[in-house]
Amino acid sequence: MYRSATYASPVGEITLCSDGDALRGLWIEGQKYHGGTIPEAMEPGDAPVLAAAKEWLDAYFAGERPAIADLPLAPIGSEFRQKVWRILTEIPYGQVTTYGAIAQQVARELGRDHMASLAVGGAVGHNPISIVIPCHRVVGSDGSLTGYAGGLDKKIWLLEHEGMDMTRVYRPKKGTAL
């Protein structure tokens, strides 16, 4: 059984989901793929991990830098997506990496010469535990703030909140992720 709770945040209402043991989902209201990885209905309820996730979010939005490892995370996804999401957890606060850099790391881990950045983009975009698994810290190789399933304005807010030097990145003028 999956339990859910809501959390009021500066970027909108957040839905949290737990299986009782780990956090399985965290989606911002209106986010693409909201609840998409959860295989059955989520029932509103309480769970210690949901309370812990709310405390983590309280600290994060208060400007602290809570450790991702403080929460038991168990996003549901393929082995490939799991690798990408693990790499996302290694991006420090206030910093970004590129889809290409993640693709290179995944390729190395899989013993391949190359990995498509587009495949990585799909995994990043389908991250079911937004903010905690910081997919907002991934940008295009040219510094474009391309894509964020929660919306580009929220991505910018999150990066600025973390103290990111926004002079190194830019908002794309056109594209599907605006």
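First, a word on scope: everything that follows refers to the structure included in this document. In this numbering scheme, every chain counts its residues from 1 along its sequence in written order. Where totals are concerned, whole chains, interfaces and linings use all residues; where local detail is concerned, this predicted model gives features only for residues with pLDDT of at least 70, and gives and counts side-chain atom pairs only at 80 or more. For side-chain calculations, the full set of non-hydrogen atoms in the structure is used, while hydrogens and water are omitted.

Description of the nonpolar core
Here is step 1 of the chain: Each nonpolar core is a collection of buried residues, namely Ala, Val, Leu, Ile, Met, Phe, Trp, Tyr and Cys, held together in the definition by side-chain atoms within 4.5 Å. Summary of the burial criterion: residues with accessible area below 20% of their type's maximum are buried, those above 50% are exposed, and those between are partly exposed, where the area comes from a 1.4 Å probe applied to protein chains only. Grouped together as the largest cluster of nonpolar side chains are 41 residues, with contacts concentrated most on Ile14, Leu16, Trp56, Leu57, Phe61, Leu88 and Ile131.
Here is step 2 of the chain: Within the residue set of this core, elements represented by two or more residues are strand 1 (2-9), strand 2 (12-18), strand 3 (23-28), helix 1 (48-61), helix 2 (79-88), helix 3 (99-110) and helix 4 (117-125).
Here is step 3 of the chain: A run of H or I in DSSP counts as a helix once it spans at least four residues, and a run of E counts as a strand once it spans at least two, with each numbered from the N terminus. Tallying contributions element by element places helix 1 first for this core, with 7 residues.
Here is step 4 of the chain: Contacts are assigned to residue pairs that have any heavy atoms within 4.5 Å of one another. The residues contacting Ile131, other than those within four sequence positions of it, are Val11, Ile14, Leu26, Ile28, Trp56, Leu57, Tyr60, Phe61, His136, Tyr148 and Leu158.

Notes on the sheet that holds strand 2
Here is step 1 of the chain: Here 4 strands make up an open sheet; going across it, the order is 3-2-1-4 and the pairing mixed. Two strands lie at the open edges of the sheet, namely strand 3 and strand 4 (42-44), each paired on one side alone. Strand-to-strand, the axes of this sheet are offset by a mean angle of 35 degrees, without reference to chain direction.
Here is step 2 of the chain: Axis lines are fitted through C-alpha atoms, for helices just across the contact stretch, and the angle between N-to-C directions can take any value from 0 to 180 degrees. Packing against the sheet, helix 1 makes contact with strand 1, strand 2 and strand 3, and its axis sits at approximately 20 degrees to strand 1. Being paired, for any two strands, means DSSP has found at least two bridges between them.

A word on helix 3
Along an α-helix, residues three or four positions apart point the same way, because every turn accommodates 3.6 residues.
Here is step 1 of the chain: The span you would expect from a helix comes to 1.5 Å times its residue count less one. Compared with the 16 Å implied by 1.5 Å per residue over 12 residues, the 16 Å span of helix 3 between its first and last C-alpha is a close match.
Here is step 2 of the chain: Of the positions making up helix 3, those classed as buried are Tyr99, Ile102, Ala103, Val106 and Ala107. What you see down the axis of helix 3 is that its buried residues fit within an arc of 140 degrees, all on one side. Facing away from the buried surface of helix 3 by more than 90 degrees, the exposed residues are Gln104 and Arg108.
Here is step 3 of the chain: Those residues of helix 3 that are buried are in contact with helix 2, strand 5 (97-98), helix 4, strand 6 (138-139) and helix 5 (152-161).
Here is step 4 of the chain: Phi turns positive, to about 70 degrees, at Gly111, one or two residues after helix 3. An arc is given here, and it is the one of the directions from the helix axis to the C-beta atoms.

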